[in-house]
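An overview of the molecular structure
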Amino acid sequence: MPGVRVLVGTRKGAFILTSNRKREKWKIDGPLFPGWEIYHMTGSPADPDRLYASQTSAWFGQVMQRSDDGGKTWETVGNDFHYEGETGTHQYYDGSQKPWEFKRVWHLEPSLDDPDTVYAGVEDAAIFRTTDGGMTWSEMPGLRNHRSGPNWMPGAGGMCLHTILLDPENRGRITIAISAAGVFRSEDHGETWAPSNKGLVSAQLPDPDAEVGHCVHCIAMHPSRPDTLFMQKHWDVMRSDDAGATWYEISGDLPTDFGFPIAVHAHDPDTVYVVPIKSDEHHFPPDGKLRVYRSRKGGNKWKELKKGLPKKDCYVNVLRDAMAVDAADPCGVYFGTTGGQVFASNDEGDSWEAIAKYLPTVLSVEVQTL
Amino acid sequence: MTVRVVLPAQLRRVADIAAATVELDVPPPVTQRALLDALEARYPKLLGTTRDRRTKQRRAYIRFFACRQDWSDADPDAPLPDAVACGDEAFLVVGAMSGG
(Lines give C-alpha, C1' and ligand atoms only; values in the text may rest on other atoms or scores of the structure.)
Protein backbone atom coordinates (compact mmCIF):
# COMPACT_ATOMS: atom_id res chain seq x y z
CA MET A 1 0.00 0.00 0.00
CA PRO A 2 1.38 3.46 -0.81
CA GLY A 3 2.57 5.20 2.28
CA VAL A 4 5.35 7.03 4.02
CA ARG A 5 8.27 5.54 5.93
CA VAL A 6 10.18 7.79 8.33
CA LEU A 7 13.66 6.54 9.23
CA VAL A 8 14.80 7.89 12.58
CA GLY A 9 18.34 7.54 13.90
CA THR A 10 18.83 8.19 17.61
CA ARG A 11 21.52 8.04 20.27
CA LYS A 12 20.25 4.63 21.39
CA GLY A 13 18.95 2.88 18.31
CA ALA A 14 16.88 3.34 15.17
CA PHE A 15 13.13 3.55 14.70
CA ILE A 16 10.93 3.21 11.64
CA LEU A 17 7.65 5.12 11.63
CA THR A 18 5.10 4.21 8.98
CA SER A 19 1.78 5.61 7.83
CA ASN A 20 -0.43 5.69 4.78
CA ARG A 21 -0.51 8.69 2.46
CA LYS A 22 -2.94 10.52 4.74
CA ARG A 23 -0.21 10.55 7.40
CA GLU A 24 -2.63 10.75 10.28
CA LYS A 25 -1.94 7.50 12.15
CA TRP A 26 1.56 6.24 12.74
CA LYS A 27 3.11 2.94 13.72
CA ILE A 28 6.48 2.92 15.45
CA ASP A 29 8.82 -0.05 14.99
CA GLY A 30 12.03 -0.32 16.98
CA PRO A 31 14.40 0.12 18.51
CA LEU A 32 16.61 -1.44 15.90
CA PHE A 33 20.23 -1.83 17.02
CA PRO A 34 19.25 -0.81 20.58
CA GLY A 35 21.94 0.93 22.55
CA TRP A 36 23.92 2.04 19.48
CA GLU A 37 24.14 5.53 18.05
CA ILE A 38 22.52 5.59 14.63
CA TYR A 39 23.95 8.67 13.04
CA HIS A 40 22.07 8.13 9.79
CA MET A 41 19.66 5.67 8.22
CA THR A 42 18.46 6.19 4.69
CA GLY A 43 17.00 4.44 1.66
CA SER A 44 18.02 4.08 -1.96
CA PRO A 45 16.04 6.22 -4.42
CA ALA A 46 16.43 3.36 -6.90
CA ASP A 47 15.09 0.66 -4.58
CA PRO A 48 13.11 1.80 -1.55
CA ASP A 49 13.52 -1.57 0.15
CA ARG A 50 17.29 -1.10 0.21
CA LEU A 51 18.20 0.73 3.40
CA TYR A 52 21.56 1.58 4.91
CA ALA A 53 22.37 2.55 8.49
CA SER A 54 25.47 3.89 10.19
CA GLN A 55 25.70 2.21 13.59
CA THR A 56 28.38 3.40 15.98
CA SER A 57 29.39 3.31 19.63
CA ALA A 58 32.20 4.48 21.83
CA TRP A 59 32.75 0.87 22.85
CA PHE A 60 32.77 -0.94 19.54
CA GLY A 61 33.38 1.70 16.88
CA GLN A 62 31.76 1.73 13.47
CA VAL A 63 29.39 -0.94 12.16
CA MET A 64 27.43 -0.65 8.93
CA GLN A 65 24.06 -2.23 8.32
CA ARG A 66 22.08 -2.96 5.16
CA SER A 67 18.49 -4.06 4.73
CA ASP A 68 17.03 -5.48 1.51
CA ASP A 69 13.45 -5.63 2.75
CA GLY A 70 12.63 -2.14 3.92
CA GLY A 71 14.07 -2.56 7.39
CA LYS A 72 12.48 -5.85 8.45
CA THR A 73 15.83 -7.65 8.51
CA TRP A 74 19.37 -6.34 8.49
CA GLU A 75 22.82 -7.60 7.56
CA THR A 76 26.10 -6.35 9.00
CA VAL A 77 28.22 -5.22 6.04
CA GLY A 78 31.71 -3.78 5.70
CA ASN A 79 33.17 -1.32 8.19
CA ASP A 80 36.69 -0.86 6.84
CA PHE A 81 37.05 2.89 6.35
CA HIS A 82 40.76 3.47 5.92
CA TYR A 83 42.21 6.64 4.48
CA GLU A 84 44.10 6.20 1.22
CA GLY A 85 47.84 6.95 1.21
CA GLU A 86 49.44 9.59 3.36
CA THR A 87 47.05 10.51 6.16
CA GLY A 88 48.15 14.11 6.60
CA THR A 89 47.13 16.48 9.36
CA HIS A 90 44.38 18.99 10.03
CA GLN A 91 43.98 21.80 12.53
CA TYR A 92 42.81 20.71 15.97
CA TYR A 93 40.71 22.69 18.47
CA ASP A 94 43.83 24.12 20.09
CA GLY A 95 45.36 25.17 16.78
CA SER A 96 47.86 22.33 16.65
CA GLN A 97 48.08 19.92 13.73
CA LYS A 98 46.61 16.46 14.28
CA PRO A 99 46.64 13.40 12.01
CA TRP A 100 43.37 12.41 10.38
CA GLU A 101 41.70 9.65 12.39
CA PHE A 102 38.52 7.84 11.38
CA LYS A 103 35.81 8.06 14.03
CA ARG A 104 32.39 7.41 12.52
CA VAL A 105 30.09 7.69 9.51
CA TRP A 106 27.85 10.72 9.79
CA HIS A 107 25.93 10.63 6.55
CA LEU A 108 25.04 8.14 3.83
CA GLU A 109 23.95 9.25 0.38
CA PRO A 110 22.80 6.44 -1.90
CA SER A 111 23.30 6.81 -5.64
CA LEU A 112 20.29 8.10 -7.54
CA ASP A 113 20.09 5.01 -9.73
CA ASP A 114 22.17 2.16 -8.30
CA PRO A 115 21.14 0.64 -4.95
CA ASP A 116 24.62 -0.85 -4.48
CA THR A 117 26.41 2.49 -4.76
CA VAL A 118 26.46 4.72 -1.69
CA TYR A 119 28.60 7.67 -0.63
CA ALA A 120 29.56 8.03 3.02
CA GLY A 121 30.60 11.23 4.77
CA VAL A 122 32.79 10.52 7.76
CA GLU A 123 34.57 12.09 10.73
CA ASP A 124 37.48 13.01 10.45
CA ALA A 125 36.24 14.55 7.25
CA ALA A 126 36.49 12.44 4.13
CA ILE A 127 34.20 10.88 1.57
CA PHE A 128 34.02 7.15 0.86
CA ARG A 129 32.08 5.14 -1.69
CA THR A 130 30.83 1.60 -1.96
CA THR A 131 29.74 0.01 -5.21
CA ASP A 132 28.94 -3.42 -3.76
CA GLY A 133 26.13 -2.66 -1.37
CA GLY A 134 28.34 -1.67 1.53
CA MET A 135 30.57 -4.73 1.64
CA THR A 136 33.69 -2.66 0.83
CA TRP A 137 34.34 1.06 1.04
CA SER A 138 36.99 3.12 -0.75
CA GLU A 139 38.01 6.65 0.03
CA MET A 140 37.81 9.30 -2.68
CA PRO A 141 41.06 10.86 -1.47
CA GLY A 142 41.09 13.92 -3.70
CA LEU A 143 38.94 15.71 -1.15
CA ARG A 144 41.00 15.06 1.97
CA ASN A 145 44.19 15.72 0.03
CA HIS A 146 43.04 19.16 -1.05
CA ARG A 147 45.80 21.69 -0.33
CA SER A 148 43.57 23.40 2.23
CA GLY A 149 43.30 20.24 4.38
CA PRO A 150 45.74 21.43 7.06
CA ASN A 151 43.43 24.43 7.63
CA TRP A 152 40.29 22.37 8.26
CA MET A 153 39.23 22.15 11.87
CA PRO A 154 36.54 20.36 13.85
CA GLY A 155 33.27 22.04 14.72
CA ALA A 156 31.91 21.41 18.20
CA GLY A 157 30.57 18.03 17.09
CA GLY A 158 33.79 16.89 15.46
CA MET A 159 35.28 17.35 11.99
CA CYS A 160 32.43 15.74 10.14
CA LEU A 161 31.46 15.52 6.51
CA HIS A 162 27.68 15.71 6.92
CA THR A 163 26.18 16.76 3.60
CA ILE A 164 26.50 15.01 0.24
CA LEU A 165 24.44 16.29 -2.70
CA LEU A 166 24.36 14.34 -5.97
CA ASP A 167 23.32 16.48 -8.93
CA PRO A 168 20.61 14.65 -10.92
CA GLU A 169 21.33 16.65 -14.08
CA ASN A 170 25.09 16.85 -14.02
CA ARG A 171 26.07 13.37 -12.87
CA GLY A 172 29.71 14.24 -12.37
CA ARG A 173 28.90 16.95 -9.86
CA ILE A 174 29.03 16.19 -6.14
CA THR A 175 28.70 18.90 -3.50
CA ILE A 176 29.71 18.20 0.09
CA ALA A 177 29.95 20.17 3.31
CA ILE A 178 32.26 19.81 6.29
CA SER A 179 32.15 21.34 9.76
CA ALA A 180 34.31 23.34 9.92
CA ALA A 181 35.88 23.54 6.52
CA GLY A 182 32.90 24.54 4.38
CA VAL A 183 31.61 23.52 0.98
CA PHE A 184 33.59 21.64 -1.65
CA ARG A 185 32.44 20.72 -5.13
CA SER A 186 33.62 18.11 -7.59
CA GLU A 187 32.78 18.16 -11.29
CA ASP A 188 34.46 14.85 -12.07
CA HIS A 189 32.64 12.25 -9.95
CA GLY A 190 34.72 13.02 -6.88
CA GLU A 191 38.22 12.81 -8.34
CA THR A 192 39.12 16.43 -7.71
CA TRP A 193 37.54 19.06 -5.49
CA ALA A 194 37.49 22.82 -5.11
CA PRO A 195 36.28 25.01 -2.22
CA SER A 196 32.90 26.56 -2.89
CA ASN A 197 32.55 29.15 -0.15
CA LYS A 198 32.55 32.50 -1.93
CA GLY A 199 30.10 34.79 -0.18
CA LEU A 200 30.19 33.04 3.18
CA VAL A 201 31.19 35.31 6.06
CA SER A 202 32.08 33.87 9.48
CA ALA A 203 32.98 36.25 12.28
CA GLN A 204 34.54 33.31 14.14
CA LEU A 205 37.40 33.20 11.59
CA PRO A 206 40.38 35.56 11.62
CA ASP A 207 39.65 36.16 7.94
CA PRO A 208 35.83 36.17 7.90
CA ASP A 209 35.54 35.41 4.18
CA ALA A 210 38.35 32.87 4.07
CA GLU A 211 38.45 30.27 1.32
CA VAL A 212 37.86 27.47 3.88
CA GLY A 213 37.05 27.14 7.58
CA HIS A 214 33.34 27.98 7.57
CA CYS A 215 31.06 25.95 9.79
CA VAL A 216 28.40 24.91 7.31
CA HIS A 217 25.66 23.00 9.13
CA CYS A 218 23.52 21.66 6.29
CA ILE A 219 22.75 22.19 2.61
CA ALA A 220 19.54 21.29 0.76
CA MET A 221 18.75 21.09 -2.94
CA HIS A 222 15.60 20.50 -4.95
CA PRO A 223 16.22 17.89 -7.66
CA SER A 224 14.35 19.91 -10.28
CA ARG A 225 16.66 22.91 -9.79
CA PRO A 226 20.02 21.54 -8.72
CA ASP A 227 21.92 24.77 -9.28
CA THR A 228 19.98 26.37 -6.43
CA LEU A 229 21.31 25.40 -3.02
CA PHE A 230 20.05 26.46 0.40
CA MET A 231 22.42 26.47 3.36
CA GLN A 232 22.04 26.71 7.10
CA LYS A 233 25.41 27.97 8.29
CA HIS A 234 26.58 28.25 11.91
CA TRP A 235 25.06 31.69 11.70
CA ASP A 236 23.28 32.85 8.50
CA VAL A 237 20.92 31.17 6.11
CA MET A 238 22.46 31.32 2.65
CA ARG A 239 21.52 30.60 -0.95
CA SER A 240 23.40 29.90 -4.15
CA ASP A 241 21.96 30.00 -7.65
CA ASP A 242 25.11 28.82 -9.37
CA ALA A 243 25.61 25.41 -7.76
CA GLY A 244 27.65 26.83 -4.91
CA ALA A 245 30.07 29.01 -6.89
CA THR A 246 28.77 32.04 -4.97
CA TRP A 247 26.49 32.44 -1.98
CA TYR A 248 24.28 35.25 -0.67
CA GLU A 249 22.39 35.65 2.56
CA ILE A 250 18.63 35.04 2.77
CA SER A 251 18.17 35.18 6.55
CA GLY A 252 15.83 38.15 6.07
CA ASP A 253 13.26 38.46 8.84
CA LEU A 254 14.10 35.26 10.74
CA PRO A 255 14.13 35.77 14.53
CA THR A 256 17.62 34.24 14.58
CA ASP A 257 19.62 32.83 11.72
CA PHE A 258 21.48 30.23 13.79
CA GLY A 259 20.29 26.67 13.35
CA PHE A 260 21.20 23.27 12.03
CA PRO A 261 18.86 21.67 9.45
CA ILE A 262 17.38 23.08 6.27
CA ALA A 263 14.96 21.40 3.87
CA VAL A 264 13.26 22.18 0.56
CA HIS A 265 9.61 21.43 -0.20
CA ALA A 266 9.23 18.33 -2.39
CA HIS A 267 7.11 20.04 -5.05
CA ASP A 268 8.17 23.67 -4.90
CA PRO A 269 11.86 24.53 -5.17
CA ASP A 270 11.24 28.02 -3.77
CA THR A 271 9.75 26.79 -0.49
CA VAL A 272 12.34 26.30 2.23
CA TYR A 273 12.16 25.27 5.88
CA VAL A 274 14.49 26.10 8.79
CA VAL A 275 14.32 25.73 12.56
CA PRO A 276 15.80 28.86 14.16
CA ILE A 277 17.84 28.22 17.30
CA LYS A 278 18.67 31.02 19.70
CA SER A 279 22.45 30.95 19.37
CA ASP A 280 25.60 28.88 19.18
CA GLU A 281 25.82 29.23 22.94
CA HIS A 282 22.25 28.23 23.79
CA HIS A 283 21.29 25.54 21.26
CA PHE A 284 17.59 25.85 22.08
CA PRO A 285 14.73 27.76 20.45
CA PRO A 286 14.17 31.44 21.20
CA ASP A 287 11.83 32.10 24.16
CA GLY A 288 11.33 28.38 24.76
CA LYS A 289 9.00 28.19 21.72
CA LEU A 290 9.71 25.57 19.10
CA ARG A 291 9.03 27.05 15.67
CA VAL A 292 9.64 26.09 12.08
CA TYR A 293 9.98 28.94 9.62
CA ARG A 294 8.96 28.60 5.99
CA SER A 295 9.82 30.83 3.09
CA ARG A 296 7.73 30.56 -0.07
CA LYS A 297 10.03 32.98 -1.87
CA GLY A 298 13.33 31.17 -1.65
CA GLY A 299 14.39 33.10 1.44
CA ASN A 300 14.34 36.54 3.08
CA LYS A 301 10.58 36.50 3.81
CA TRP A 302 9.82 33.84 6.40
CA LYS A 303 6.59 32.74 8.04
CA GLU A 304 6.45 31.36 11.55
CA LEU A 305 4.84 27.89 11.69
CA LYS A 306 3.69 27.05 15.18
CA LYS A 307 0.38 25.20 15.14
CA GLY A 308 0.86 22.00 17.10
CA LEU A 309 4.43 22.82 18.20
CA PRO A 310 5.39 23.49 21.84
CA LYS A 311 4.43 27.05 22.77
CA LYS A 312 6.48 27.35 25.94
CA ASP A 313 9.15 25.71 28.10
CA CYS A 314 10.75 23.95 25.13
CA TYR A 315 14.55 23.79 25.19
CA VAL A 316 15.37 21.07 22.71
CA ASN A 317 17.58 21.33 19.64
CA VAL A 318 17.07 19.99 16.12
CA LEU A 319 20.27 18.52 14.68
CA ARG A 320 21.51 18.99 11.15
CA ASP A 321 20.37 15.71 9.63
CA ALA A 322 17.09 15.61 11.53
CA MET A 323 14.69 17.26 9.09
CA ALA A 324 13.24 15.87 5.87
CA VAL A 325 10.24 16.08 3.56
CA ASP A 326 8.07 13.49 1.88
CA ALA A 327 6.84 13.63 -1.71
CA ALA A 328 3.17 13.04 -0.97
CA ASP A 329 0.55 15.65 -1.80
CA PRO A 330 0.46 17.93 0.08
CA CYS A 331 4.13 17.74 0.97
CA GLY A 332 4.89 16.40 4.44
CA VAL A 333 7.63 17.85 6.63
CA TYR A 334 9.32 16.02 9.52
CA PHE A 335 11.90 16.81 12.15
CA GLY A 336 13.29 15.15 15.25
CA THR A 337 14.54 16.80 18.42
CA THR A 338 17.24 16.19 20.98
CA GLY A 339 14.35 15.63 23.41
CA GLY A 340 13.23 12.55 21.50
CA GLN A 341 10.18 13.92 19.72
CA VAL A 342 9.47 13.50 16.03
CA PHE A 343 7.13 16.15 14.71
CA ALA A 344 5.31 15.75 11.42
CA SER A 345 3.23 18.01 9.26
CA ASN A 346 1.01 16.59 6.53
CA ASP A 347 0.11 20.04 5.21
CA GLU A 348 3.40 21.66 4.20
CA GLY A 349 4.15 22.86 7.71
CA ASP A 350 0.87 24.64 8.46
CA SER A 351 0.20 22.29 11.37
CA TRP A 352 2.26 19.78 13.31
CA GLU A 353 1.79 16.70 15.39
CA ALA A 354 4.25 14.74 17.53
CA ILE A 355 4.23 11.30 15.91
CA ALA A 356 6.79 10.05 18.45
CA LYS A 357 7.22 11.67 21.84
CA TYR A 358 9.65 9.70 23.92
CA LEU A 359 12.51 8.47 21.75
CA PRO A 360 16.18 8.90 22.63
CA THR A 361 17.91 12.01 21.26
CA VAL A 362 17.15 12.15 17.55
CA LEU A 363 20.24 12.36 15.35
CA SER A 364 18.70 11.96 11.92
CA VAL A 365 15.39 11.83 10.10
CA GLU A 366 14.89 10.62 6.54
CA VAL A 367 11.62 10.02 4.75
CA GLN A 368 10.68 7.59 2.00
CA THR A 369 7.51 8.10 0.00
CA LEU A 370 6.39 4.64 -1.03
CA MET B 1 43.89 -25.46 22.21
CA THR B 2 40.17 -24.75 22.63
CA VAL B 3 39.71 -21.40 24.25
CA ARG B 4 36.43 -19.99 25.52
CA VAL B 5 35.58 -16.34 24.87
CA VAL B 6 32.67 -14.40 26.32
CA LEU B 7 31.53 -11.53 24.14
CA PRO B 8 29.22 -8.65 25.07
CA ALA B 9 25.67 -9.03 23.80
CA GLN B 10 26.13 -6.11 21.41
CA LEU B 11 28.91 -7.88 19.54
CA ARG B 12 27.06 -11.18 19.51
CA ARG B 13 24.22 -9.41 17.73
CA VAL B 14 26.58 -7.80 15.21
CA ALA B 15 28.06 -11.19 14.33
CA ASP B 16 24.84 -13.24 14.65
CA ILE B 17 26.24 -15.34 17.50
CA ALA B 18 23.53 -17.02 19.56
CA ALA B 19 25.64 -18.64 22.27
CA ALA B 20 26.93 -16.62 25.20
CA THR B 21 30.34 -18.28 24.96
CA VAL B 22 32.36 -18.81 21.79
CA GLU B 23 34.83 -21.69 21.54
CA LEU B 24 37.89 -21.09 19.40
CA ASP B 25 40.82 -23.24 18.37
CA VAL B 26 43.90 -21.16 19.08
CA PRO B 27 47.37 -22.50 18.33
CA PRO B 28 49.84 -22.32 21.24
CA PRO B 29 51.14 -20.17 22.71
CA VAL B 30 47.70 -18.75 23.51
CA THR B 31 48.13 -15.01 23.60
CA GLN B 32 45.68 -12.13 23.45
CA ARG B 33 46.74 -11.43 19.87
CA ALA B 34 46.38 -15.06 18.77
CA LEU B 35 43.00 -15.32 20.44
CA LEU B 36 41.66 -12.13 18.83
CA ASP B 37 43.10 -13.17 15.46
CA ALA B 38 41.19 -16.44 15.73
CA LEU B 39 38.02 -14.64 16.81
CA GLU B 40 38.14 -12.24 13.87
CA ALA B 41 39.00 -15.02 11.42
CA ARG B 42 35.91 -16.95 12.46
CA TYR B 43 33.66 -13.89 12.73
CA PRO B 44 34.88 -11.27 10.24
CA LYS B 45 31.97 -9.00 11.16
CA LEU B 46 33.81 -8.35 14.43
CA LEU B 47 36.79 -6.82 12.64
CA GLY B 48 37.41 -3.35 14.00
CA THR B 49 35.02 -3.69 16.93
CA THR B 50 37.48 -4.63 19.69
CA ARG B 51 40.73 -3.34 18.21
CA ASP B 52 41.90 -1.28 15.29
CA ARG B 53 41.95 -3.23 12.05
CA ARG B 54 45.46 -2.19 11.12
CA THR B 55 47.38 -1.24 14.23
CA LYS B 56 45.62 -3.94 16.30
CA GLN B 57 45.48 -1.45 19.15
CA ARG B 58 42.66 -2.15 21.61
CA ARG B 59 39.71 0.23 21.35
CA ALA B 60 39.74 2.67 24.24
CA TYR B 61 36.47 1.49 25.80
CA ILE B 62 37.11 -2.24 25.46
CA ARG B 63 38.51 -4.27 28.32
CA PHE B 64 39.97 -7.78 28.33
CA PHE B 65 39.59 -9.77 31.55
CA ALA B 66 40.84 -13.26 32.42
CA CYS B 67 41.03 -15.10 35.73
CA ARG B 68 39.76 -12.00 37.56
CA GLN B 69 42.66 -9.96 36.22
CA ASP B 70 42.61 -7.02 33.81
CA TRP B 71 44.65 -7.96 30.74
CA SER B 72 43.63 -4.88 28.75
CA ASP B 73 47.03 -3.22 28.84
CA ALA B 74 49.13 -6.37 28.92
CA ASP B 75 51.53 -7.18 26.11
CA PRO B 76 49.26 -8.73 23.44
CA ASP B 77 51.95 -11.29 22.75
CA ALA B 78 52.30 -12.39 26.37
CA PRO B 79 50.93 -15.88 27.08
CA LEU B 80 47.51 -15.85 28.74
CA PRO B 81 47.04 -17.87 31.95
CA ASP B 82 47.08 -21.64 31.56
CA ALA B 83 43.48 -21.78 32.78
CA VAL B 84 42.44 -19.69 29.76
CA ALA B 85 44.65 -21.60 27.35
CA CYS B 86 43.13 -24.94 28.34
CA GLY B 87 39.57 -23.65 28.37
CA ASP B 88 38.93 -23.90 32.11
CA GLU B 89 38.50 -20.14 32.37
CA ALA B 90 36.91 -17.90 29.76
CA PHE B 91 38.54 -14.83 28.23
CA LEU B 92 36.13 -11.93 28.70
CA VAL B 93 35.66 -9.08 26.20
CA VAL B 94 33.92 -6.32 28.14
CA GLY B 95 32.58 -2.86 27.32
CA ALA B 96 34.16 -0.45 29.81
CA MET B 97 31.93 1.08 32.46
CA SER B 98 32.66 4.50 31.01
CA GLY B 99 31.76 3.64 27.44
CA GLY B 100 27.97 3.77 27.26
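See above for the structure.
Residues numbered from 1 in each chain as written. Chains lettered and ligands numbered in written order. Predicted model: local features only at pLDDT ≥ 70, side-chain atom pairs only at ≥ 80, totals over all residues. Heavy atoms only, no water.

Topic: the interface of chain A and chain B
- In this complex, chain A contributes 15 residues to the contact, which on the side of chain B involves 18 residues.
- When chain A packs against chain B, the two sides together hide about 1400 Å² of surface, and 52% of this comes from carbon and sulfur.
- Broken down residue by residue, the surface that chain A buries against chain B is led by A:Trp59, A:Phe60 and A:Thr76, which jointly contribute 48%.
- Applying the counting criterion to the chain A and chain B interface returns two salt bridges.
- Note that A:Asp80 is salt-bridged to B:Arg53, the shortest N-O span being 3.8 Å.
- Going through the elements one at a time, β5 (51-57), β6 (61-67) and β7 (75-77) of chain A are the ones with two or more residues in the side of chain A that touches chain B.
- Considering only residue class, the side of chain A that touches chain B consists of six nonpolar, six polar and three charged. (Contact = heavy atoms within 4.5 Å. Buried area = accessible area lost by both parts, 1.4 Å probe. Salt bridge = Lys/Arg side-chain N within 4 Å of Asp/Glu carboxyl O. Helix = DSSP H or I, 4+ residues; strand = E, 2+ residues; numbered from the N terminus. Nonpolar A, V, L, I, M, F, W, Y, C, P; charged D, E, K, R; others polar.)

Remarks on the sheet that holds β5(A)
All names here are of chain A.
- Spatially, β4-β5-β6-β7 is the arrangement adopted by the four strands of the open sheet, whose pairing is antiparallel. Bordering the open sheet on either side are β4 (37-43) and β7, each of which pairs with just one other strand. Neighbouring strand axes in the sheet, compared pairwise and without regard to direction, differ in orientation by 25 degrees on average.
- Pairing analysis gives seven bridges linking β5 to β6, with the strands arranged antiparallel. Its bridge partner lying in β6, Ser57 is registered against Gly61. (Pairing = 2+ DSSP bridges. Axes fitted to C-alpha atoms, helices over the stretch in contact; angles between N-to-C directions.)

A few points about the packing of aromatic side chains
All names here are of chain A.
- In total, this model carries 18 aromatic pairs over all chains according to the counting rule given.
- Each ring, one from Trp235 and one from Phe258, has its centre 5.2 Å from the other, and the planes form 65 degrees; the classification is edge-to-face. Here Trp235 is found in the loop between β19 (229-233) and β20 (237-240), whereas its partner Phe258 is found in the loop between β21 (248-249) and β22 (262-264), with 23 residues between them in sequence.
- Under the relative-accessibility criterion, Phe258 is labelled buried at 0%.
- Taken together through their ring pairs, the aromatic side chains of Phe81, Tyr83, Phe102, Phe128 and Trp137 make up a single cluster. (Phe/Tyr/Trp six-rings, centres within 6.5 Å; stacked < 30°, edge-to-face > 60°. Buried < 20%, exposed > 50% of the residue type's maximum accessible area, 1.4 Å probe, protein only.)

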